[in-house]
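Remarks on the overall topology
Below, each chain spelled out in residue letters.
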Amino acid sequence: MEAARSASAAQQRLFRVREAVSTLLHNTKSERFIPDNVKILVFDLEVLLRDVLEALHEHGYSYALIWNSSVQQHIRVFTPRDVSGIMNMYLTRYPNGQLPERLDDLRLRDWVEMVDGEAGAGDEGAAGGALSAHMVTVSPLQSALDAAKLLLDHDTVRLPITDPETNAVVHMITFSKIIRSLRFSLAGMPELLNLTIEELDVGQTDVSSLSETASVAAVLKMFAESPEIGCIPLLDNDGIVVEIVVRSDLVALGMDQKYRDLNATIRSVLEYSRYRQGLVTCRQGDTIDSVFASVLGANGAVHYLVIVDDEGHLRGTTGLSDIFAAFLKTSRENEEEAASS
């Protein structure tokens, strides 16, 4: 009986946290996340993919907008999923890992048409779920709750904010930026911050990993075969997590055309990555407060965390999207969860 009461109390606390987070996000406009100075890379459809990759690496960006001059508007967001999709497309054709010069002639338009063609055929194919058919956006006057739900519904880590009058993209929202912007408001929610990863029941425990000596080709293959995963932990010979690979790390392949040799080790490529999330770990018993502190203390934008035990062995992975999905369960889902317990 005592255990049942304790479980019920914990569940009620979780419900209160969900209500508080939803209210906070509902009362926050997306315009709050737009900084005074914004830099967004934009590429025309006719730009060579080789130049896109080089520019992304040079500027330390993992995404860019694609501009269609014939209709005078942004039509897509070019993301790390596209980088891995392009590399995997060529890897399936040239399994020896040595990519041909043909890649240098490929333009953004060619890639968009390939993805659109596969989407129309209902086949994910080589694209691996890269570019979406339409650019999903949010208005500055829409709530952060709207933005969070769009991020979750479309399984993306970034969402363009567009000017409602000009339709121009003015910034990108991510869960990491939401945490940074609302950190003082979240600090006033002790019930939320004291929840643990285990109590929130987030993350995947059945995860794939690779050796720290794995090749770029092996990473591309794993991302292609499991498009739903966002990160790949790298393990040493003792099974200790020593690094993490996320799709944005693959932008470094644009430096000096490193994509020519996909047999190179992934760690050799990570050394040149300017957009590094880096390894951020947590334990099942860690609180949301400590997780958010790790996110805010990281050099780059953190989207994924590796769950480890006290010795550093892999126990699972989770992401900010998993945490926010747990926060934003609807009242109906709360009721169903309570009924099933």
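As a further point, take the sheet that holds strand S2 (residues 64-68). Taken in spatial order, the 3 strands make up an open sheet running S1-S2-S3, and their pairing is mixed. Taken across any chain shown, the strands that pair with only one partner, and hence form the sheet edges, are strand S1 (42-44) and strand S3 (73-78). On average, each strand axis in the sheet is tilted by 35° relative to the strand beside it, whichever way the strands run. Summarising the sheet, S1 and S2 pair through 3 bridges and their orientation is parallel. Residue pairing in the sheet places phenylalanine 43 in a bridge with isoleucine 66 of S2. Those strands touched by helix H2 (residues 49-59) are S1, S2 and S3, and its axis lies near 70° from that of S3.

Interaxial distance between helix H3 (residues 80-93) and helix H10 (residues 216-225) falls to 9 Å at its minimum, and their mutual angle equals 105°. What the angle tells us is that H3 and H10 run roughly perpendicular. Every residue of H10 that contacts H3 at Ser84, Met87, Asn88 and Leu91 is listed here: Ala217, Leu220, Lys221 and Ala224.

Parameters at a glance
- Residues numbered from 1 in each chain as written.
- Predicted model: local features only at pLDDT ≥ 70, side-chain atom pairs only at ≥ 80, totals over all residues.
- Heavy atoms only, no water.
- Pairing = 2+ DSSP bridges.
- Helix = DSSP H or I, 4+ residues; strand = E, 2+ residues; numbered from the N terminus.
- Axes fitted to C-alpha atoms, helices over the stretch in contact; angles between N-to-C directions.
- Contact = heavy atoms within 4.5 Å.
- Parallel < 35°, antiparallel > 145°, perpendicular 65-115°, else oblique.

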